[in-house]
Amino acid sequence: MTVIATSAPGLATTLVNGLLAIKPLATFAQQRARTMMIKRAESIGVNWTAQAQALRDRGQSQWDQERAQLEDPTLVYPDYYLTAFHAYESGNLSWEAATEVEVAAYAAHARIWSDLGAREGDARLRQSFHAFLRAELPQPPQDILDIGCSVGMSTFALQDAYPEARIIGLDLSPYFLTVAQYRAQQENRAIHWLHRPAEDTGLPEASLDLITLFLICHELPGVATTAILREARRLLRPGGYLAVMDMNPASEVFKTLPPYIFTLLKSTEPYLDEYFNFDFAQSLQAEGFCAPKRQENSPRHRTLLAQAI
């Protein structure tokens, strides 16, 4: 039996959702998914435990002091964010999650292409994204916003691609942003980090040339994605671009996942059904963008690039 995402939930999807609605079963699935990810990472040469521990060894008091300098104390977190993500009970609002983002990315992308090493899959995925942007953007953007920048991996790749640009990394997790700032300082990078909701950035209207959403939308309910597309259009100058790189719902990889693996995946991604059924082309055009161009970046990822009208 395979699992296929459709606009109407099928029997397998309905069964999985029912199982995950039972708290003990959901917790078991999350823990199982996390254990499998760590074991897999270590087996292919991604030193998950050691690398995460090296960050934690700086000391929580040091991390907390730096977080306080970045955190917006007036921010009210949207309800959808206050849930378990990626098998972390407190979601993205913890040091455990923040110190494991980078190794988790390497592990998740390590075997997209069978001929690459442990860290090379993640690099190729990002390279594919930026190659598409370079081919499609008429000129290098000068003002860029990386929405959902996490610990800065996507932001650093943007700066490498456009070294002359002014770049802002925005995220809802002050823990992620603190690690991003630390990494930026290590590499002597000048990036502005912003702790704000993507739906309400507080940035000036028509002030940006490029906005990116790199592996973010699958972690959002549809209503939040729509609100972020609307905010992106407000922020972009006419002729500016929005680039959305994420899972490809049409990929055969996702269409044919065994139910057990699909259950583990959904236990760590609470909004996956909404993402798989979200109509980006229609929503982008409704919010003031041209019909998006599309590029497959891997057997299971794709980029949508839409120009602001």
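Residues numbered from 1 in each chain as written. Predicted model: local features only at pLDDT ≥ 70, side-chain atom pairs only at ≥ 80, totals over all residues. Heavy atoms only, no water.

Draft legend 1. Here's a closer look at helix α7 (residues 153-161). With respect to burial, α7 is a largely interior element, seven of its nine residues being buried. All buried positions along α7 are accounted for by Met 153, Ser 154, Thr 155, Phe 156, Ala 157, Leu 158 and Gln 159. (Buried < 20%, exposed > 50% of the residue type's maximum accessible area, 1.4 Å probe, protein only. Helix = DSSP H or I, 4+ residues; strand = E, 2+ residues; numbered from the N terminus.)

Draft legend 2. Structural context of the pairing of strand β4 (residues 208-214). Most of β4 is tucked away: six of the seven residues are buried. Bridge count for strand β1 (residues 143-147) against β4 is four bridges, and the pairing is parallel. Bridged to Ile 144 within β4 is Leu 210. As paired strands, β4 and strand β5 (residues 236-247) are joined by six bridges and run parallel to one another. Paired with Leu 213 across the two strands is Val 244, which belongs to β5. (Pairing = 2+ DSSP bridges.)

Draft legend 3. Geometry of the pattern of salt bridges. Enumeration according to the criterion identifies 20 salt bridges in this entry. The closest approach of N and O atoms between Arg 34 and Glu 96, which form a salt bridge, is 3.2 Å. Taken together, the positions of Arg 34 in helix α2 (residues 23-43) and Glu 96 in helix α5 (residues 95-109) put the pair 62 residues apart, joining distant regions of the chain. Residues Asp 143 and Arg 166 are paired through a salt bridge, measuring 2.8 Å at the closest nitrogen-oxygen approach. Of this pair, Asp 143 sits in strand β1 while Arg 166 is found in strand β2 (residues 166-171), placing the two residues 23 residues apart along the sequence. Look at Arg 166 and you get partly exposed, because its relative accessible area is 42%. A single network of salt bridges, built from pairs that share partners, joins Arg 34, Arg 56, Glu 96 and Glu 100. (Salt bridge = Lys/Arg side-chain N within 4 Å of Asp/Glu carboxyl O.)

Draft legend 4. Quick peek at the packing of helix α3 (residues 48-56) against α5. For the pair α3 and α5, interaxial distance at closest approach is 9 Å and the crossing angle is 145°. As for how α3 packs across α5, the hand of that crossing is right-handed. Of the residues in α5, those touching α3 at Trp 48, Gln 51, Ala 52, Leu 55 and Arg 56 are Glu 96, Thr 99, Glu 100, Glu 102, Val 103, Ala 104, Tyr 106 and Ala 107. Residues belonging to the contact of α3 with α5 are distributed by class as follows: seven nonpolar, two polar and four charged. (Axes fitted to C-alpha atoms, helices over the stretch in contact; angles between N-to-C directions. Left-handed = near helix turned anticlockwise from the far one by under 90°. Contact = heavy atoms within 4.5 Å. Nonpolar A, V, L, I, M, F, W, Y, C, P; charged D, E, K, R; others polar.)

The values are spatial; any link to function lies outside them.
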